[in-house]
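The residues making up each chain are set out below.
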Amino acid sequence: MVPTNPSIDKKLEITVEKTIEAIARIQRFIIKYGPKLNDDQKEKIAQKIKELQKYL
């Protein structure tokens, strides 16, 4: 196992929490405005989400 730096670990944890909050905001946006988006806008959002998923 690779030794970890507590400072880096804390920063990473903060970043993970902020990322989760940002995803929740995106989710709320899609729920609220999804029906009003045109097909091209929906496809752009869906494509970006697929791109992100391949890194997890």
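In this report, we go over the structure that sits alongside the text. Position numbers for residues start from 1 in each chain and track the written sequence from start to end. Totals for whole chains, interfaces and linings use all residues, but because this is a predicted model, local features are given only for residues with pLDDT of at least 70 and pairs of side-chain atoms are given and counted only at 80 or more. For the side-chain quantities, the full set of heavy atoms in the structure was used; hydrogens and water were omitted.

Topic: a nonpolar patch on the surface
Just so we agree on the cut-off: Patch definition: residues with relative accessible area over 30% and no salt bridge; like charges joined within 9 Å; nonpolar side chains (Val, Leu, Ile, Met, Phe, Trp, Tyr) joined within 5 Å. Where accessible areas are quoted, they stem from the Shrake-Rupley method and a 1.4 Å probe; at the residue level, only the protein chains shown are allowed to cover. For salt bridges, the criterion is a side-chain nitrogen of Lys or Arg within 4 Å of an Asp or Glu carboxyl oxygen. By the criteria applied, helices consist of DSSP H or I runs no shorter than four residues and strands consist of E runs no shorter than two, each listed in order from the N terminus. Buried means the residue's accessible area, taken with a 1.4 Å probe over protein chains only, is under 20% of the maximum for its type, while exposed means over 50%, and partly exposed covers the values in between.
A cluster of nonpolar side chains, namely Ile26, Phe29, Ile30, Tyr33 and Ile49, defines an oily patch on the protein surface of about 400 Å² accessible area. The element contributing the most residues to the nonpolar patch is helix α1 (residues 6-33), with four residues. Topologically, Ile30 is positioned in helix α1. Accessibility expressed as a relative area gives 30% for Ile30, which makes it partly exposed.

Some remarks on the pattern of salt bridges
If you walk through the whole model with that rule in mind, you get two salt bridges. Between Lys48 and Glu51 there is a salt bridge, with the nearest N and O atoms lying 3.2 Å from each other. Of this pair, Lys48 and Glu51 both sit in helix α2 (residues 39-53), three residues apart, which is roughly one turn of that helix.

Note that every value here comes from positions in space, so none of it alone points to a role or purpose.
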